[in-house]
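Each chain is listed here by its residues.
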Amino acid sequence: MSKKSKRTIRQLQERNQALFAEVEILHTKLSSAAQERGSVARELETARGEVQHLRPRVENLEGLNERLTLMLSNEQALRMKALPPPPKVGWFARLMGRRPQVVSVSQG
């Protein structure tokens, strides 16, 4: 065998070893990525379970919020109806700049 052939064989063996090392590194990275994917998938399933658990609570809170808003609106309407009507001011008083006195109603 000639020197050139020996050198070519040695270069091919070194290249083969380098490629084998690279394949091993890629295999390790792939294995690590698969483990990470499994971990993320488990976390996602846990989060989905929590969402399913919390969804009815959020819906209950939304319903409660709507009922409280309606109750507040009704209370405000009742309070407005209970206020005395504003005093009527004639055109002469308005012309002279008199303003009606506003009576405040304390909340109790």
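Asks: Is there a simple way to think about the overall build of the protein chain in this case?
Replies: Helix and strand content of the protein chain: two helices and zero strands. Counting all 108 residues of the protein chain, 2% fall into the buried class. About 10900 Å² of surface is accessible on the protein chain, with carbon and sulfur atoms providing 58% of the total.

Asks: It is not clear to me how a positive patch on the surface should be interpreted in this structure. Could you clarify?
Replies: Together, Lys3, Lys4, Lys6, Arg7 and Arg10 make up a region of like positive charge exposed at the surface. Along the chain, Lys3 falls in helix H1 (residues 3-82).

Asks: Where do I start with the pattern of salt bridges in this structure?
Replies: Once the charged atoms of two side chains with opposite charge are near each other, the side chains can pair. In the structure shown here, the tally under the stated rule is two salt bridges. Between Glu45 and Arg48 there is a salt bridge; the shortest N-O distance is 3.1 Å. One end of the pair is Glu45 and the other is Arg48, both in helix H1 and three residues apart, which spans about a single turn. Residue Arg48 is classed as partly exposed on the basis of its relative accessible area, which comes to 46%. Between Arg79 and Glu75 there is a salt bridge, with its nearest N and O atoms 2.9 Å apart. Here Arg79 pairs with Glu75, and both are found in helix H1, just four residues apart, close to one helical turn. Among the residues examined, Glu75 registers a relative accessible area of 35% and is labelled partly exposed.

Analysis parameters
- Residues numbered from 1 in each chain as written.
- Predicted model: local features only at pLDDT ≥ 70, side-chain atom pairs only at ≥ 80, totals over all residues.
- Heavy atoms only, no water.
- Helix = DSSP H or I, 4+ residues; strand = E, 2+ residues; numbered from the N terminus.
- Buried < 20%, exposed > 50% of the residue type's maximum accessible area, 1.4 Å probe, protein only.
- Areas by Shrake-Rupley, 256 points an atom, 1.4 Å probe, with all protein chains shown as cover.
- Patch = residues over 30% accessible without salt bridge, like charges linked within 9 Å, V, L, I, M, F, W, Y side chains within 5 Å.
- Salt bridge = Lys/Arg side-chain N within 4 Å of Asp/Glu carboxyl O.
- Lys, Arg positive; Asp, Glu negative; His and termini not counted.
- Charge placed at Lys NZ, Arg CZ, Asp CG, Glu CD.

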